[in-house]
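Breakdown of the fold
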Amino acid sequence: MSEKLVPVVCPYCGVGCRLYIRSVDGYPVGIEYAKDIPGIANELGKLCPKGNAVIEYLLAKDRLKKPLKAKEHGKFVEISWSEAIREVAERLKEYAKDDPNQLMFFGSARTFNEPNYLIQKLARMLGTNNVDHCARLCHSSTVTGLKAVFGAGAMTNTYKDIEEADVIFIIGHNYAETHPVGFRYVLKAKERGAKIIVADPRFTRTAWFADIFLQNYPGTDIALLNGLIHVIIKEKLYDEKFVQERCVGFEDVVAVVEKFTPEFVEEVTGVPAELIVEAARTFATAGKGVITWAMGLTQHTHGHDNVRLAATLSAICGYQGREGCGVSPMRGQNNVQGACDLGVLPNVFPGYQAVTDPEKRKFFEEFWGVELSGEVGLTVIEATHAIEKGKVKAYYVMGENPAISDANMNHVLKALEKLEFMVVQDIVPTPTMEFADIVLPAAAMLENEGSLTNTERRVQWSFQAAKPPGEARPDWWIISEIGRAIGFSGNGAKGFEYAGPEDILREINACTPQYRGITPERLKANLAGIHWPCPSEDHPGTRVLYKDRFLTPDGKAHLAAVDYRGPAEMPDEEYPFLLTTVRYVGQYHTLTMTGRSRALVKRWPEPLAEIHPEDAKKFGIKTGDWIKIETRRGVYPVRAKVTRTVKKGVIAVPWHWGANVLTNDVLDPVSKIPETKACACRIAKISEEEARELMKAVPKIIPEFEVVKG
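For every chain, the first residue of the written sequence is number 1, and numbering continues from 1 along that sequence. Only residues with pLDDT of 70 or above have their local features reported here, since the model is predicted, and side-chain atom pairs are shown and tallied only from 80 upward, although totals for entire chains, interfaces and linings are computed over all residues. Computation of side-chain values: all heavy atoms of the structure, hydrogens and water removed.

Going by the annotation in an unreviewed UniProt entry, the name recorded for the chain is Formate dehydrogenase, with Pyrococcus kukulkanii given as the source organism. The Sequence similarities (unreviewed entry) field of the UniProt record for the chain holds the comment "Belongs to the prokaryotic molybdopterin-containing oxidoreductase family." UniProt positions are given in the numbering used here, feature names are shortened, and annotations may be inferred rather than shown by experiment.

Here you go:
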């Protein structure tokens, strides 16, 4: 009997916590806290409820163990790996030969950097830039917004800088629930005397720790941020020297924010004017400040501008390029940053090198040995519309679940029905798999190894702690086998011949400037990881960005002057409430992993829609009653929770169980993110019998499928 204690990175959120998996003969039997590893993101090895339950999903009875081929909807036959690889390769080649843009690839922030690098390489070598991943649905606004102001779409600091800040402004981010281990850095700062400002439409657990709480209506962030900037400029609290030496566009900001007086902003946001003034003074005069956000700021039709304004607020206060300062977008899945870095986006190669830049394209053409497209590809939401129009005919989904995760779910389901060919590569059955022609069983992160990048640009190596079930294989192995079967058989980077993820990371080192010095050997020797940019193997990594200049062409921060825009869909007579979506600390994404944990399901068994007591009284609704929420896109049955957590006129519902049947897929024009944080809705009290009937129209989160004889 062989017992091992293996260091891994938690497969859940973007904090990037370290832990040990204890396994016996490759079978996981428990976890141990990584108390003995210095410098890791989760000090003293602390974990959240999901991290503590991390083994349970590995042992799910319905893990995918053999490749499958669809016979009819929901029925599959088992096939061999050679049959599966051959059919996928032949079909992809056929579509690429006719028109590569008939193909769409969906990468995954829930797997390592190496397979993400490979899936975008495969798409591009086939001739298309139609490749995207879940950042489109959560932080694409962060990527575009920060790039516009500072020149790069990443966190400018680290958790250590949050701990050392004198003021922390948390906007659109229920930090205590979505990233509870990361929130410990906020609490450590507060214990030291730092002030905490929280802006959120709900009185969250995070808000409970706030010195100043700004409860704005969903989608009014532009007004709130402009109001804070207005006060800071009017009272000359900004860092004049920093603005003069390192920023451009300040005069335009001054002109635009002129009308955003605290009184005007109160009318728009519902936040009392005196609190806006107090928050502005507190933030600007603290000395060292950090702004942190998540999807509450980004998932709007003006998410790009929201992020630009947050960055502008940070810059005019001089909170850039110094320790204890910065902007800290908190990523949802554990490798969103890595998937972005490695080019799983339709507009950039690895390292954010634009596909439209002839010099960058020439480099990758010589590196990979093929001619590449300079046309920006489709995002995941755009792909859904293209499928509907018959332009995209084949879809390759690696470790994602668009049937539940994409906005306006009913529209997505109709589109997926129209595909000619779909491949789903995953660890367990999902509602998306029901549309697949070929299913490829993947090893889970803890059954596999490779590098991944957390939200603070920390690249870490996670080791294999357990054996995958049945014939499940690592994601990198599956993609490389398909690449070779297609015929990409050149030497080195020109082919797909790899002995392991180490070979792939060395190829990434050679083509991704930020990762140049982050080799597999260094990562395996240093469990705390390395922060990019790391330009050479003797470079220690970079804690704080922009100490001397920003990454914009002129080296300056390009401040944003933005006038107010609210949500695309506002309440009216027909749909009088404003709907927003939320997350639970013990559930994750579309429940593919946490939904298979008995402990987590027992503690967080179902969604509850929050409704203000005055609104509930009008409809005769009490906590525990069934209600239906209805928008212009769908109907969702859910139990009610009557609470003053939300403002009057606002309904909040957790999205994990399928609430995207309600959300709006209208896009931000720049980041192309859908507005899942605000739309108009109406509610009605219903019977349990009616609720059960309505549930039949919502896909089962954990679907049942049948394996039949061929």
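That covers the picture; the talk isn't over yet.
1. Overview of the overall build of the chain
When you go through the chain residue by residue, the secondary structure sums to 27 helices and 29 strands. Throughout, the radius of gyration refers to the C-alpha atoms, and the reference size of a globule is 2.2 Å times the residue count to the power 0.38. Computed over its C-alpha atoms, the radius of gyration of the chain comes to 24 Å, within 12% of the 27 Å expected for a compact globule of 710 residues. Judged by the C-alpha coordinates and their principal axes, the chain covers about 70 × 65 × 55 Å. Burial here depends on accessible area, computed with a 1.4 Å probe over protein chains only, as a share of the maximum for the residue type. Under 20% is buried, over 50% is exposed, and the range in between is partly exposed. Across the 710 residues that make up the chain, the buried fraction comes to 65%. Here the Shrake-Rupley method, with its probe set to 1.4 Å, supplies the accessible areas, and only the displayed protein chains count as covering residues. As displayed, the chain has an accessible area near 24,700 Å², and 50% of this comes from carbon and sulfur atoms. Only four residue types enter the charge count: Lys and Arg as positive, Asp and Glu as negative, with His and the chain ends excluded. Where a charge sits is defined by one atom per residue type, namely NZ (Lys), CZ (Arg), CG (Asp) or CD (Glu). Distance between charge centres in the chain, computed from 87 positive and 91 negative side chains, equals 3 Å. Runs of H or I in DSSP of at least four residues are treated as helices and runs of E of at least two as strands, each being numbered from the N terminus.

2. Some remarks on the domain arrangement of the chain
Often, the extent of an interface is quoted as the loss of accessible area upon association of its parts. Residue ranges assigned to each domain were obtained from an automatic or database domain assignment. Under the domain assignment used here, the chain contains domain 1 (3–59), domain 2 (68–132 + 334–449 + 470–514), domain 3 (139–330 + 554–558) and domain 4 (577–706). The C-alpha-based centres of domain 3 and domain 4 are spaced at 28 Å. What makes two residues a contact is simply this: any of their non-hydrogen atoms within 4.5 Å. Taken residue by residue, the interface counts 26 residues in domain 3 and 26 residues in domain 4. Here the quantity called buried area is the total loss of accessible area, with a 1.4 Å probe, experienced by two parts when brought into contact, counted for both. If you sort the residues of domain 3 by the area they bury against domain 4, Arg202, Gln299 and Thr301 come out on top, with a joint share of 32%. The salt bridge definition used is simple: a Lys or Arg side-chain nitrogen within 4 Å of an Asp or Glu carboxyl oxygen. Between the two partners, domain 3 and domain 4, sit one salt bridge.

3. So, the UniProt feature "domain: 4Fe-4S Mo/W bis-MGD-type" (unreviewed entry) in the chain
Following the UniProt record, the feature "domain: 4Fe-4S Mo/W bis-MGD-type" (unreviewed entry) maps to residues 3–62 here. End-to-end, the C-alpha atoms of residues 3–62 are 26 Å apart, and along that stretch the chain is 7% helix and 35% strand.

4. Section: the state of the cysteines
The term disulfide is used for any two cysteine sulfur atoms that are within 2.5 Å. Counted under the stated rule, the structure contains zero disulfides. Counting only cysteine sulfurs, cysteine 138 is the nearest neighbor of cysteine 340, a cysteine outside any disulfide, at a range of 7.5 Å. Classification of cysteine 340 as buried rests on a relative accessible area of 0%.

5. What about a negative patch on the surface?
Among the surface-exposed residues, Glu263, Glu266, Glu267, Glu274 and Glu278 lie close enough to one another that they form a single negatively charged patch. If you list the elements that add at least two residues to the negative patch, you get helix H13 (262–269) and helix H14 (273–284). No other element matches H13, which puts three residues into the negative patch. Residues forming no salt bridge and having over 30% relative accessible area are the ones grouped into patches, like charges within 9 Å of each other and nonpolar side chains (Val, Leu, Ile, Met, Phe, Trp, Tyr) within 5 Å.

6. Brief notes about the packing of aromatic side chains
Each Phe, Tyr or Trp ring, with Trp reduced to its six-membered ring, pairs with another whose centre is within 6.5 Å; inter-plane angles below 30 degrees give stacked pairs, above 60 give edge-to-face pairs, and intermediate values give tilted ones. According to the stated counting rule, one finds 29 aromatic pairs in the structure shown. When the centroid spacing of 5.2 Å and the interplanar angle of 15 degrees are considered together, the rings of tyrosine 159 and tyrosine 185 count as stacked. With tyrosine 159 in helix H6 (residues 159–163) and tyrosine 185 in helix H8 (residues 183–192), this residue pair connects regions lying 26 residues apart in the sequence. Considered together, tyrosine 159 and tyrosine 185 belong to a single accessibility category, that of buried residues. On the basis of an interplanar angle of 75 degrees and a centroid distance of 5.5 Å, the ring pair of phenylalanine 260 and phenylalanine 264 is categorised as edge-to-face. Judged by its relative accessible area of 0%, phenylalanine 260 is buried. The class of phenylalanine 264 is partly exposed, set by a relative accessible area of 29%. Of the aromatic side chains, those joined through ring pairs into one cluster are Tyr117, Phe349, Phe363, Phe364, Phe367 and Trp368. The criterion for a charge sitting over a ring is simple: Lys NZ or Arg CZ within 6 Å of the ring centre, and within 35 degrees of the ring normal. In this arrangement the basic side chain of lysine 121 is found over the ring face of phenylalanine 496, its NZ or CZ atom lying 4.6 Å from the centre. Seen from the ring of tryptophan 532, arginine 457 lies directly overhead, with NZ or CZ sitting 5.8 Å from the centre.

7. Structural notes on the pairing of strand E26 (residues 635–642)
Looking at chain direction, strand E24 (residues 608–611) and E26 are connected through four bridges and run parallel. Looking across to E26, one finds that isoleucine 611 is bridged to valine 642. Pairing between two strands is assigned when DSSP locates at least 2 bridges connecting them. When strand E25 (residues 626–630) meets E26, the two strands line up antiparallel, connected through five bridges. Bridge assignment links isoleucine 627 to a residue of E26, and that residue is valine 638. Where E25 folds back on E26, the antiparallel hairpin that results is connected by four residues.

8. Some words on the packing of helix H10 (residues 221–234) against helix H12 (residues 250–257)
As a packed pair, H10 and H12 sit with axes 9 Å apart at the nearest point and diverge in direction by 110 degrees. Taken as axis vectors, H10 and H12 run roughly perpendicular relative to one another. Residues Asn226, Ile229, His230 and Ile233 of H10 pack against Phe250, Val253, Val254, Val256 and Val257 of H12. Basically, the charged four are Asp, Glu, Lys and Arg, the nonpolar ten are Ala, Val, Leu, Ile, Met, Phe, Trp, Tyr, Cys and Pro, and anything else, Gly included, counts as polar. Of the residues that constitute the contact of H10 with H12, the class distribution is seven nonpolar, two polar and no charged. Angles shown run from 0 to 180 degrees and are taken between the N-to-C directions of axes, each axis being a line fitted to C-alpha atoms and, for helices, limited to the stretch in contact. Angular relationships are summarised with four words: roughly parallel below 35 degrees, roughly antiparallel beyond 145, roughly perpendicular across 65 to 115, and oblique for the angles in between.

9. Side note on the sheet that holds strand E2 (residues 18–24)
Paired through their backbone hydrogen bonds, the strands of a sheet run either parallel or antiparallel. Pairing is antiparallel in the open sheet, where three strands are placed in the order E1-E2-E3. Unpaired on one side and paired on the other, strand E1 (3–9) and strand E3 (27–33) mark the two borders of the sheet. Between one strand axis and the next, the sheet turns by 30 degrees as a mean value, whatever way the strands run. Two elements, E2 and E3, share six bridges in a ladder whose sense is antiparallel. Each bridged residue has a counterpart across the sheet, and for leucine 19 the counterpart in E3 is tyrosine 33.

10. Here we look at the pattern of salt bridges
Taken as a whole, this structure holds 43 salt bridges when the rule is applied. When the shortest N-O distance is used, the salt bridge between aspartate 62 and arginine 596 registers 2.8 Å. Taken together, the residues aspartate 62 in the loop between helix H1 (49–52) and strand E4 (68–72) and arginine 596 in the loop between strand E23 (577–582) and helix H25 (598–603) connect sequence positions 534 residues apart. Residue classification places aspartate 62 among the partly exposed positions, given a relative accessible area of 24%. Judged by its relative accessible area of 11%, arginine 596 falls in the buried class. Residues glutamate 177 and arginine 205 are paired through a salt bridge, measuring 3.9 Å at the closest nitrogen-oxygen approach. Remark: arginine 205 occurs in helix H9 (residues 205–208) and glutamate 177 occurs in helix H7 (residues 175–178); sequence separation between them is 28 residues. Taken together, the shared-partner salt bridges connect Glu43, Lys160, Glu163 and Lys188 into one network.

11. Observations concerning the packing of helix H3 (residues 113–125) against helix H23 (residues 501–511)
Their axes nearest at 9 Å, the elements H3 and H23 cross at an angle of 65 degrees. Along this stretch, H3 crosses H23, giving a crossing that reads as left-handed. Of the residues in H23, those touching H3 at Asn113, Glu114, Tyr117, Leu118 and Lys121 are Pro501, Ile504, Leu505, Glu507, Ile508 and Cys511. A per-class count over the contact of H3 with H23 returns seven nonpolar, one polar and three charged. The sense of a crossing depends on the near helix, which, turned anticlockwise from the far helix by less than a right angle, makes the crossing left-handed and, turned clockwise, makes it right-handed.

12. Concerning the side chain of aspartate 161
Note on placement: aspartate 161 falls in helix H6. Residue contacts for aspartate 161: discarding those within four places in its chain leaves Val290, Arg322, Glu323, Gly324, Cys325, Arg543 and Val544.

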